[in-house]
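# Close look at the chain arrangement
The chain contents come next:
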Amino acid sequence: MTAATALAATLYAPEDLRMVDRPLDDLAPGMVRIRFGAGGICGSDMHYFRHARTGDFVVTSPLVLGHEVAGEIVEIAGDAPGLAVGDHVAVNPSRWCGTCVRCQEGRPNLCENIYFMGSASKTPHMQGGFASLFDATPAQCVKVPVDLPFAAAALAEPLAVCLHAVRRAGDVAGRNVVIFGAGPIGLLTLLAARRAGAAEVAMVDMAAAPLAFATRLGADHAIDLSKGDAALDPLARDKAFDVAIEASGTAAGLASAIKAVRRGATIVQLGNLPGGKIEIPANAIMAKELDLKGTFRFDAEFAEAVDLIVAGDVDVMALVTAERPLSDAPQAFRLALDRSQSVKVVLTAG
Ligand SMILES: [Zn+2]
Ligand SMILES: [Zn+2]
């Protein structure tokens, strides 16, 4: 019998993403093996692709990318309550330990011993799901109907991130919300804020195409800051933004958010800022008595996201601008990087 292998999108260095046949060990007890169905290319995957790092996480050995994935269970070793071979599943990329202090206090996304697929946050790196076959724990698998497109199931992960971000903002019902960055995460945050009852949602970006997309998706205001922050001033005066969610991952975005919100507002940092020091008008955090909060990944929101997608309550497929076979991952990454034509690019099994 020949040893099993999986074809995996593996990053070696900046812009050096290769499709590599990787040997698969026998499935370990307590694990399930999943055949790749679909995978969303995330902003953090693109950061890894371009720079071999994202934020403070640096790729020091070959890394299989991908953490927004769904597929079909092809093998189970041991007990997997509620799961069977042939099931279609959305895969939560997080494996929480369940025993550390943060897990115990109900914040498993901050788990001290977390395993997160496709991440260089630890060495050795945790390999991702852009692979024709990959393994997960039963707890990572949320069963979905077989008629749900794998692409939709894969996008439960970014939706969960955005549901968590909106939850971190507190009660947004009846509040004016401004979101910096109209990429996939900003756009899903728009949909999540709407569901949470936000009054008006303004989207801010530096590029025309994402803003046009945001308007089509239902943003009340689309503000282009490419010519400077002042473009936001009239609306900020008018609307008195109660909540800002910074999804661009730029110092400029956070600086604009601090300036734009009303006194006593809440700012949630969702985007992955560059590692190291950045310049922001920090004194206003005191002078305007702002609540500046971080948001990191998600916890129970993953299952919630799957439910919303299965029920048709959030149309994640509206964000998908291209589907490409996993085997063409390197080209698909280049397409995803072109914001003039791409919102969300999804890899498929084809
Ligand atoms: Zn992601
Ligand atoms: Zn833990």
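All values derive from a computational prediction rather than experimental measurement.

## Comments concerning the overall build of the protein
Per the secondary structure count, the protein includes 11 helices and 20 strands. Against the globule reference of 20 Å for 350 residues, the protein gives a C-alpha radius of gyration of 20 Å, in line with a compact fold. Considered along the principal axes of its C-alpha atoms, the protein spans approximately 70 × 40 × 40 Å. Residues counted as buried form 52% of the 350 residues belonging to the protein. When the accessible surface of the protein is summed, it comes to about 14800 Å², and 52% of that surface belongs to carbon and sulfur atoms.

## Re the domain arrangement of the protein
What the domain assignment reports for the protein is domain 1 (5-154 + 315-348) and domain 2 (162-294). The distance between the C-alpha centroids of domain 1 and domain 2 comes to 28 Å. With 13 residues of domain 1 in contact, the opposing surface of domain 2 contributes 18 residues. When the two sides are added together, the surface that domain 1 and domain 2 hide from each other amounts to roughly 1100 Å², 62% of it contributed by carbon and sulfur. One can count 1 salt bridge joining domain 1 with domain 2. For arginine 339, the salt bridge identified is with aspartate 205, shortest N-O distance 2.9 Å. Remark: the boundary between domain 1 and domain 2 carries 3 residue pairs in polar contact (both at pLDDT 80 or more). Of the residues contributing to the side of domain 1 that touches domain 2, the split by class is 4 nonpolar, 5 polar and 4 charged.

## Considerations on the coordination of the zinc ion (ligand 1)
For the zinc ion (ligand 1), the full set of protein donor atoms is Cys42 (SG) and His67 (NE2), at a range of 2.1 to 2.3 Å. Separated by 25 residues along the polypeptide, cysteine 42 in the loop between β3 (32-40) and α1 (43-51) and histidine 67 in the loop between β6 (63-64) and β7 (69-76) bring together distant segments of the chain. Neither cysteine 42 nor histidine 67 differs from the other in exposure class; each is buried.

## Some thoughts on the sheet that holds strand β15 (residues 221-224)
Across a sheet, paired strands are connected by hydrogen bonds in the backbone, their directions being either parallel or antiparallel. Ordered in space as β15-β14-β13-β16-β17-β18, the 6 strands form an open sheet in which the pairing is parallel. Strands with a single pairing partner mark the edges of an open sheet, and in this sheet they are β15 and β18 (291-294). In this sheet, neighbouring strand axes are inclined to one another by 20° on average, regardless of whether the strands run parallel or antiparallel. Looking at chain direction, strand β13 (residues 177-180) and strand β14 (residues 201-205) are connected through 4 bridges and run parallel. Along β14, the bridge assignment pairs valine 178 with alanine 202. Helix α5 (residues 184-195) rests against β13, β14 and β16 (243-246) of the sheet, and its axis sits at about 170° to β14.

## With respect to the environment of methionine 117
Relative to the assigned elements, methionine 117 resides in the loop between β10 (115-116) and β11 (133-136). It is 36 Å that separates the C-alpha atoms of methionine 117 and histidine 221, two residues lying 104 residues apart in sequence. When sequence neighbours within four positions are dropped, the list of residues in contact with methionine 117 reads Gly66, His67, Val69, Val91, Pro93, Met126, Gln127, Gly128, Gly129, Phe134 and Gln140.

## Thoughts on the environment of valine 243
Among the secondary structure elements, valine 243 is positioned in strand β16. With 174 residues separating them along the chain, valine 243 and valine 69 place their C-alpha atoms 31 Å apart. If near-sequence neighbours (up to four positions away) are discounted, valine 243 is found in contact with Ala169, Val172, Asn176, Val177, Val178, Val261 and Thr266.

## Regarding the pairing of strand β2 (residues 16-23)
Relative to β2, strand β1 (residues 5-13) runs antiparallel, the two sharing 8 bridges. What sits directly across from alanine 8, in β2, is valine 20. Two successive antiparallel strands, β1 and β2, enclose a turn made up of 2 residues, where glutamate 15 displays a positive phi of approximately 65°.

## Points about the packing of α1 against helix α11 (residues 329-337)
Two numbers describe how α1 lies on α11: the axes approach to 11 Å, and their chain directions differ by 110°. If you check the angle between α1 and α11, you find them roughly perpendicular. Each of Asp45, Met46, Phe49 and Arg50 in α1 lies in contact with α11, whose residues at this interface are Pro330, Phe333, Arg334, Ala336 and Leu337. Looking at the contact of α1 with α11, its residues break down into 6 nonpolar, no polar and 3 charged.

## Details of the layout of surface pockets
Size it by volume and the second largest pocket reaches roughly 470 Å³. Along its surface, the second largest pocket is lined by 21 residues, and Pro23, Leu24, Gln127, Phe134 and Asp135 are the ones closest to its centre. Where the lining of the second largest pocket is concerned, the elements lending two or more residues are β1, β2 and β11. Take the lining of the second largest pocket: its biggest share by element is 3 residues, from β11. A per-class count over the lining of the second largest pocket returns 13 nonpolar, 2 polar and 6 charged.

The rules behind these values
- Residues numbered from 1 in each chain as written.
- Chains lettered and ligands numbered in written order.
- Predicted model: local features only at pLDDT ≥ 70, side-chain atom pairs only at ≥ 80, totals over all residues.
- Heavy atoms only, no water.
- Helix = DSSP H or I, 4+ residues; strand = E, 2+ residues; numbered from the N terminus.
- Rg over C-alpha atoms; globule rule 2.2 N^0.38 Å.
- Buried < 20%, exposed > 50% of the residue type's maximum accessible area, 1.4 Å probe, protein only.
- Areas by Shrake-Rupley, 256 points an atom, 1.4 Å probe, with all protein chains shown as cover.
- Domains from an automatic or database assignment.
- Contact = heavy atoms within 4.5 Å.
- Buried area = accessible area lost by both parts, 1.4 Å probe.
- Salt bridge = Lys/Arg side-chain N within 4 Å of Asp/Glu carboxyl O.
- Polar contact = N/O pair within 3.5 Å; in protein donor to acceptor, adjacent residues only side chain to side chain.
- Nonpolar A, V, L, I, M, F, W, Y, C, P; charged D, E, K, R; others polar.
- Donors = N, O, S within 2.8 Å, 3.2 Å for Na, K, Ca; no water.
- Pairing = 2+ DSSP bridges.
- Axes fitted to C-alpha atoms, helices over the stretch in contact; angles between N-to-C directions.
- Parallel < 35°, antiparallel > 145°, perpendicular 65-115°, else oblique.
- 1 Å grid on protein atoms, 1.4 Å probe; cavity = no way out; pocket = protein on both sides within 12 Å on 5 of 7 lines; lining within 4 Å.
- Points joined across faces, edges and corners; volume = space filled by probe spheres on them.

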